[in-house]
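So the chains spell out like this:
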Amino acid sequence: RPHPRFRAAMSGEGEVEKRRLNEDSKRLLEAEASHLASYYSQLAEDKAVNPKVREAAVIYSIAEEHLLDSELEDALKKATQALELFREAKSKPGQQDAVRLLCSVERQKQGPDFSIDKIQSELRSCRDSEDKRGQGAMLLALAEAQLAKALAGEALSNIEEALPLLRAA
């Protein structure tokens, strides 16, 4: 169901509302990405954390930097490596965040349509297993892909659905 502000924008109330929706969605996603970057940087430094998780956190952070610098092949390699390490350490949140990061890389490499299909498949799997945090992570990944397609209203709706799931997890 489209966000009410999206319906207003589509009903002819103007370009200003469309731009505001897009800006709001981007701001929310940037805040979440910044939170994850901080989280994994701190996790990498925490001596009380499993060494495998710490190593994965370092590699995850490197992958994010590569993505920010549009070094997509390097980002893909590091994000894949981080995912493998998170799996070995049995860190489900790490795995979910690494999958989201991989979806971001794929979105930039192959376009939003490719990543949307992959994300929706992951989202179905998370819903089937009632994995709230996984659902939240995939809804944010979906919102990022929707923004890349200029679907701001759908993106904002997915962000608003994701945030409570992530907070509750």
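Look up a bit, the structure's there.
Residues numbered from 1 in each chain as written. Predicted model: local features only at pLDDT ≥ 70, side-chain atom pairs only at ≥ 80, totals over all residues. Heavy atoms only, no water.

Engineer: Give a description of the environment of Leu85 that names residues and reports values.
Structural biologist: Looking at the element boundaries, Leu85 is found in helix H4 (residues 72-88). Along the backbone, Leu85 and Tyr60 are 25 residues apart, and their C-alpha atoms lie at a distance of 9.8 Å. What Leu85 contacts, discounting residues up to four positions off in sequence, is Lys52, Glu55, Ala56 and Ile59. (Helix = DSSP H or I, 4+ residues; strand = E, 2+ residues; numbered from the N terminus. Contact = heavy atoms within 4.5 Å.)

Engineer: Describe in detail the packing of aromatic side chains, supporting the description with residues and values.
Structural biologist: The geometry of an aromatic ring pair comes down to the distance between the two centres and the angle between the two planes. Counted by the stated rule, this structure contains 3 aromatic pairs. Ring geometry for Tyr39 and Tyr40: centres 4.9 Å apart, planes at 80°, overall edge-to-face. Using a relative accessible area of 1% as the deciding quantity, one classes Tyr40 as buried. A connected cluster of aromatic rings, assembled from ring pairs, spans Tyr39, Tyr40, Tyr60 and Phe86. (Phe/Tyr/Trp six-rings, centres within 6.5 Å; stacked < 30°, edge-to-face > 60°. Buried < 20%, exposed > 50% of the residue type's maximum accessible area, 1.4 Å probe, protein only.)

Engineer: So what's going on with helix H3 (residues 51-68)? Which residues, and what values?
Structural biologist: Taking 1.5 Å per residue as the helical rise, H3 with its 18 residues ought to reach 26 Å, and the 26 Å between its terminal C-alpha atoms agrees with that figure. Residues of H3 that are buried include every one of Val53, Arg54, Ala56, Ala57, Ile59, Tyr60, Ser61, Ala63, Glu64, His66 and Leu67, and no others. The N-cap residue of H3 is Asn50: its side-chain oxygen and the backbone nitrogen of Lys52 are 2.7 Å apart. Two residues or fewer past H3, Ser70 is found with a positive phi of approximately 60°. (Expected span 1.5 Å × (residues − 1). Polar contact = N/O pair within 3.5 Å; in protein donor to acceptor, adjacent residues only side chain to side chain.)

Engineer: I'd like to hear about the pattern of salt bridges, residue by residue, with values.
Structural biologist: Under the definition given, this model contains 7 salt bridges. For Asp97, the salt bridge identified is with Arg133, shortest N-O distance 2.8 Å. Taken together, the residues span a long stretch of sequence, with Asp97 in helix H5 (residues 92-110) and Arg133 in helix H7 (residues 132-148) at a distance of 36 residues. The class of Arg133 is buried, set by a relative accessible area of 19%. Put simply, Arg127 and Glu161 hold a salt bridge, and the shortest N to O gap is 2.9 Å. On the criterion of sequence distance, the pair formed by Arg127 in helix H6 (residues 112-128) and Glu161 in helix H8 (residues 152-168) is long-range, its members being 34 residues apart. Glu161 gets classed as partly exposed once you look at its relative accessible area, which sits at 35%. A single network of salt bridges, built from pairs that share partners, joins Arg100, Arg107 and Glu144. (Salt bridge = Lys/Arg side-chain N within 4 Å of Asp/Glu carboxyl O.)

Engineer: Give me the lowdown on the packing of H3 against H4, citing residues and values where you can.
Structural biologist: Packing of H3 against H4 leaves a shortest axis separation of 8 Å and a crossing angle of 160°. Considering their axes alone, H3 and H4 lie roughly antiparallel with respect to each other. Pair H3 / H4 crosses with left-handed handedness. Facing H3, whose interface residues are Lys52, Val53, Glu55, Ala56, Ala57, Ile59, Tyr60, Ile62, Ala63, His66 and Leu67, H4 presents Leu72, Asp74, Ala75, Lys78, Ala79, Gln81, Ala82, Leu85, Phe86 and Glu88. Here the contact of H3 with H4 is composed, by residue class, of 14 nonpolar, 2 polar and 5 charged. (Axes fitted to C-alpha atoms, helices over the stretch in contact; angles between N-to-C directions. Parallel < 35°, antiparallel > 145°, perpendicular 65-115°, else oblique. Left-handed = near helix turned anticlockwise from the far one by under 90°. Nonpolar A, V, L, I, M, F, W, Y, C, P; charged D, E, K, R; others polar.)

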